[in-house]
Every structure is written in structure tokens, then in C-alpha cells.
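The lines below spell out each chain.
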2 protein chains.
Amino acid sequence: MGKILKPVPDISTEEKIKDAARKVFTRKGYSATRTRDIAEEAGLNLALLNYYFRSKQKLFEIVMFEKMQKFFGILLPILFDISTSLETKVESISASYIDLILANPDLPFFILSEIRNDPGVFMKIIQKKDFLKNSVFIRQIKEKKPEINPLHFLISLLGMCVFPFVMKPVLKKMTGMEETAFKQMMLERKSLIPVWVKAMLKVK
Amino acid sequence: MGKILKPVPDISTEEKIKDAARKVFTRKGYSATRTRDIAEEAGLNLALLNYYFRSKQKLFEIVMFEKMQKFFGILLPILFDISTSLETKVESISASYIDLILANPDLPFFILSEIRNDPGVFMKIIQKKDFLKNSVFIRQIKEKKPEINPLHFLISLLGMCVFPFVMKPVLKKMTGMEETAFKQMMLERKSLIPVWVKAMLKVK
DNA sequence: TTAATTATTAATCATTTGATTAAAATATTT
DNA sequence: AAATATTTTAATCAAATGATTAATAATTAA
């Protein structure tokens, strides 16, 4: 017998709410989320949401900001890395984006959806209008393919990495594919996409 | 003077409601749409929605079904066309998808979003689980690239066509790009994507 | 023209939902 | 231990929202 040595270090109420909010908001989006869903998910009284965070909106903003940092925090450092080659950047983006989304399947849809609903939320992450054009990545593409708008390649690269996750429900319905098979394909893409992008940059 | 010859043929109330519902549902999604938004958009009394269509849900299903037909009605005939080459199919898909979405900018996000919320709505369009695997398109790819899962190429093709529209709000914020410049880029992609896909199928 | 049917409106209902409050429980300080 | 501060709860509020109703207007049939 004997008393319990570690008296339940237990996660704080505030953090329980944020955890639940992350889960529900990213799965259902702001509009479809009820504050009661979050309270239930957290196993807490509804009033505690307003006690710790002032409103649904405020709680959402905290979650949204976190998620945006996750999503763009991977991309931006790579795009602006002066020490790596274009090829290396393409490999890094493929690998880290696919790994990130495999670990956070609802992330891309959530981000794209909420930025679409309110492009204003995006401001806190992205400062200047045209900072992307001066990125190392874009300049490296322009060097290799001066005749084509370099944005085309960034868009295609991101599309090949992210879009499969966005269309996953469609894909599953159309192919009968299971989750494990899907994940397997996404792992394959980590090495396929760089090969494809290199081919795209070389052609014509 | 003289009386009006055509005495306002005017669109029917029922159609006015559907028009408004199409617009509001596709822009905001099911959850964020208020029946009052639709009534206001149509310039009609709220009760008429329930008079002509039984409920918000029923009205939504009609719109959703239409939109799915639009979205998949383009893709499926091409994928199953036995009379065209793989190259032709890739060109058709690029061209017709990009044109379709340029004319209906909210379409892809709406479709992907609502299928994600309720994969059941998809059933009415897609019948068998694995019908895609037996499509001419997939077989043609398998012939040309037996060592890679042919789905990879379909996913990449669709990603390159559709994803730019899904990430448009992000793109605009990050580049300061205007609507006309965006459209211009999408027109360029109609010819770029087939070139890229061919290169992807050839490489390695 | 009158009667019957159909379409439209304003008012209202019942739920849902984000938020608040006052009391109770728990923890902290003195 | 008593006093004070903090956290949690149940009950409730007000506004929003999908839906209905009963009365009115417009159209069609007799």
C-alpha cells in the first residue's frame, strides 16, 4: 500500500481547454464548432472557456495563430535559406511538409479554410506584401528557368505535397484506399516529388 | 411610349432561391450559411425557403448534388475515354478543369470541404469503390510507368490544376498578386501542366 | 364574376448557442 | 484556523437561427 508518490501532476485546466479547442477547431472549423463541443471534449464545464479565455473568438485566435506558425514556420525558413541549393530546398520542403501533415492531418485544410474565411488572420504571420518574390528560393528558380514565372513551380510543389491530404476523403471514396495505404503513398511522394520538380525545371 | 412587349418573363421564385443558395452555400459552406442570408440574397421572404424546399438541409443537398456533378462530370468522362491518348487526356483535364474553376472560383473548396464534413454526400456520384483503378487513364499510366503507383500522377495532375485555386487567398497575401495576374497565371498553367506531367512520366 | 388554389408576408415558436452570474467548492495566505 | 483569493458549477440570459403558422395577396379555374 502506501500513498501515491506523484500526486497527479495533471495538466492544467487552461491547457485542457486549449488541447480540446485545437482538436475540435481543426477538425470542424470555426463556424461548425460549438463551444459546448470544446467543453465536452475537455471534460469541463462550459463556463470555464469564458473564464480562462474571454470568448470563442479569442480562443480560436490563439489556436489559429499556433497552427499558422506550424504550417508556415516550416516553409519560410527553407525558402529564405541562403546556404542551400534549389534541389536541397525542394527535398526539404517535400520531406518536412509531408511529415508535418502526416502528423497533423487536419492542418492544411484548417489553415486554407480559415484564411479563406478571413484573410485578415494571416497578417500576423506574413508582414510585407511581396516578401516572397525576394526569397532565395524564387531567385534560384528564376536563375534556372528565366522564361517562366517562378511562382508556378512553388505552387506546383506545394500542390503536390499538400493537395493529396486535402483531397484524401475524395480519394478514399474513389479508390477504396485505406489509411495505411494512403500514408504509404505519401511516404513515397517524399522522394518522388523532388525528382518530378527537377524534371519540370529541366524540360523544354 | 407604348406598352412593354415582353411582360417581364422573370425568373421563378423557386429558381431565385436556388440561385441565391448556390451563391451563399458555395461561398460560405453549409455551417456558416444562415437561411436568412439566402433569403436576403434572393430578395425574398425567409418563409419561402421552407415553402419551396422543406429545409435548409434539403436545399443544400440539391445545390451540393449539382456542384458535384459539375466538378466530377468533367473528370470522369475524360478518365474513361477509350478513344484518346494519355497525352490528350492530360491536356483535356488541365484545360477543362482550369476553365471550369476560373468560371466557378468557389467550386473546388466547396466540394472538398463538404465531402470532408460528410463523405456520405459523395455516394450519389461515385458508385463502386474501386472503379477508378479500372479507368482507361490509370491503365494508360500503368503501361507507361509500371514501377510507380499510377494514382501518384493523377493526384499530382489534379493538385497542379486545383490547388492554386484552393490556396489563392494565401497566394494573394504572400505575393500581393491581383485577381487579373492570378487568372493570367492559371491560363499559362493550361499549357504548362501537360508539359510537366509528360516530363514526370518520362524521367528516371 | 365568383370560387378555389397557389404564393407571399409578418409574426411567432422552439432550439441552439455564446456568454454571464451568483453561489459553492477548493486552494492559498495570514 | 480563519480569512482571502481562486476555481468550478448549475442556472440562466439574450441573441441568433431554422422552422411554422395564420392571415393576406395574387393567380387560376369554374
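Each value, and the rule that gives it
- Residues numbered from 1 in each chain as written.
- Chains lettered and ligands numbered in written order.
- Predicted model: local features only at pLDDT ≥ 70, side-chain atom pairs only at ≥ 80, totals over all residues.
- Helix = DSSP H or I, 4+ residues; strand = E, 2+ residues; numbered from the N terminus.
- Buried ≥ 20, exposed ≤ 12 C-beta atoms within 10 Å, placed from the backbone.
- Contact = placed C-beta atoms within 7 Å.
- Near = placed C-beta within 6 Å.
- Nonpolar A, V, L, I, M, F, W, Y, C, P; charged D, E, K, R; others polar.
- pLDDT = per-residue confidence, 0-100.
- Least-squares fit on C-alpha atoms with pLDDT ≥ 70 in both.
- Core = buried A, V, L, I, M, F, W, Y, C linked by C-beta atoms within 7 Å.
- Axes fitted to C-alpha atoms, helices over the stretch in contact; angles between N-to-C directions.
- Parallel < 35°, antiparallel > 145°, perpendicular 65-115°, else oblique.
- Left-handed = near helix turned anticlockwise from the far one by under 90°.

J.: I keep staring at the overall build of chain A and nothing clicks. Help me out?
T.: Counting its secondary structure elements, chain A contains 10 helices and zero strands. When the helices and strands of chain A are placed in sequence order, the string is α-α-α-α-α-α-α-α-α-α. A principal-axis box enclosing the C-alpha atoms of chain A has dimensions of 70 × 40 × 40 Å. Buried positions account for 36% of the 204 residues belonging to chain A. Long-range pairs, those at least 24 residues apart, make up 68% of the contacts in chain A with a sequence separation of at least 6.

J.: Can you walk me through the protein's contact with DNA strand C in this structure?
T.: Taken together, the neighbourhood of DNA strand C is formed by 15 residues, with S55 and K56 of chain A together with T13, N45 and A47 of chain B sitting nearest. Mapped onto the surface near DNA strand C, the elements with two or more residues apiece are α2 (35-42), α3 (47-52) and α4 (56-79) of chain A together with α3 (47-52) of chain B. Looking at which element gives the most residues to the surface near DNA strand C, the answer is α3 of chain B, with three residues. For the surface near DNA strand C, the per-class residue count stands at six nonpolar, six polar and three charged.

J.: Could you clarify how one ought to interpret the interface of chain A and chain B in this entry?
T.: Interface size is often expressed as the accessible area that is lost when the parts come together. On the chain B side, the residues contacting the 42 residues of chain A number 42 residues. Elements represented by at least two residues in the side of chain A that touches chain B include exactly α1 (13-32), α6 (107-117), α8 (151-166), α9 (168-175) and α10 (179-202) of chain A. Tallying contributions element by element places α8 of chain A first for the side of chain A that touches chain B, with 11 residues. When the residues that make up the side of chain A that touches chain B are grouped by side-chain class, the tally is 27 nonpolar, eight polar and seven charged.

J.: How should the protein's contact with DNA strand D be read in this particular structure?
T.: Around DNA strand D lies a shell of 15 residues, among which T13, N45 and A47 of chain A together with S55 and K56 of chain B are the nearest. Broken down by secondary-structure element, the contributors of at least two residues to the surface near DNA strand D are α3 of chain A together with α2 (35-42), α3 and α4 (56-79) of chain B. At three residues, α3 of chain A tops the list of elements feeding residues into the surface near DNA strand D. Considered class by class, the residues forming the surface near DNA strand D number six nonpolar, six polar and three charged.

J.: Would you explain the confidence of the model for chain A in this entry?
T.: Do not read the predicted coordinates in detail wherever pLDDT is low. Across chain A, pLDDT averages 92, with 94% of residues at or above 70. Taken as a whole, residues 1-9 of chain A scores under 50 in pLDDT and shows zero contacts with residues more than four places along the chain or in a different chain.

J.: I would appreciate a short explanation of the relation of the copies chain A and chain B in the present structure.
T.: For these two chain copies, the linking operation is a rotation about an axis paired with a shift along it. After a rotation of 180 degrees and a shift along the axis of 0.0 Å, chain A superposes on chain B with an RMSD of 0.1 Å. A rotation of that kind, with that shift, is consistent with a two-fold axis. Identified as the residue of chain A closest to the rotation axis by C-alpha distance is G159 of chain A, at 2.4 Å.

J.: Sorry, what's going on with the nonpolar core here?
T.: In a soluble, globular protein the nonpolar side chains are often hidden away together inside. If you look at the biggest cluster of nonpolar residues, it comprises 102 residues, and the most contacted ones within it are L157 of chain A together with L157 of chain B. The residues touching L157 of chain B, leaving out its near neighbours within four places in the chain, are V90, I93, I193 and V197 of chain B.

J.: I tried to follow the environment of R116 of chain B on my own but got confused; where do I start?
T.: With respect to the helices, strands and loops of the structure, R116 of chain B is situated in helix α6 (residues 107-117). In contact with R116 of chain B, other than residues within four places in its own chain, are F109 and P169 of chain A.

J.: What am I meant to see in the packing of helix α1 (residues 13-32) of chain B against α6 of chain B here?
T.: Two quantities define a packed helix pair, namely the angle between the axes and the distance from one axis to the other. All names here are of chain B. Interaxial distance between α1 and α6 falls to 9 Å at its minimum, and their mutual angle equals 20 degrees. By the angle class used here, α1 and α6 are roughly parallel. The two elements α1 and α6 cross, and the hand of that crossing is left-handed. Two secondary-structure elements touch here, α1 through T26, G29 and Y30 and α6 through L107, F110, S113 and E114. For the contact of α1 with α6, the residue count by class is three nonpolar, three polar and one charged.

J.: What is the right way to read the packing of helix α5 (residues 86-103) of chain B against helix α10 (residues 179-202) of chain B from this model?
T.: All names here are of chain B. Look at α5 against α10: their axes get within 9 Å of each other, and the N-to-C directions meet at 160 degrees. Judged on the interaxial angle alone, α10 and α5 are roughly antiparallel. Pair α5 / α10 crosses with right-handed handedness. Residues E87, V90, E91, S94, A95, I98 and L102 of α5 form the contact with α10, whose own contacting residues are K183, M186, R189, K190, I193, P194, V197 and K198.

J.: Any chance you could explain the environment of K124 of chain B here in plain terms?
T.: Residue and element names in this part refer to chain B. Secondary-structure assignment places K124 in the loop between α6 and α7 (136-144). Note on K124: 12 C-beta atoms within 10 Å, which makes it exposed. A sequence separation of 90 residues divides K124 from R34, and the C-alpha atoms of the two residues are 25 Å apart.

J.: How do you make sense of unusual backbone geometry when you look at a structure like this?
T.: If a residue is not glycine, its phi is most likely negative; likewise, a peptide bond is most likely trans. Not every positive phi belongs to a glycine, and K204 of chain B is a case in point at roughly 75 degrees. Tracing the backbone through its elements, the reader meets K204 of chain B in the segment after α10.

J.: Whenever I open this one, the environment of L158 of chain B confuses me. Can you help?
T.: With respect to the secondary-structure elements, L158 of chain B resides in helix α8 (residues 151-166). Once the C-alpha coordinates of L158 of chain B and L75 of chain B are considered, the two residues, 83 residues apart in sequence, prove to be 9.8 Å apart. Apart from the residues within four sequence positions on either side, L158 of chain B is in contact with F163 and M167 of chain A.

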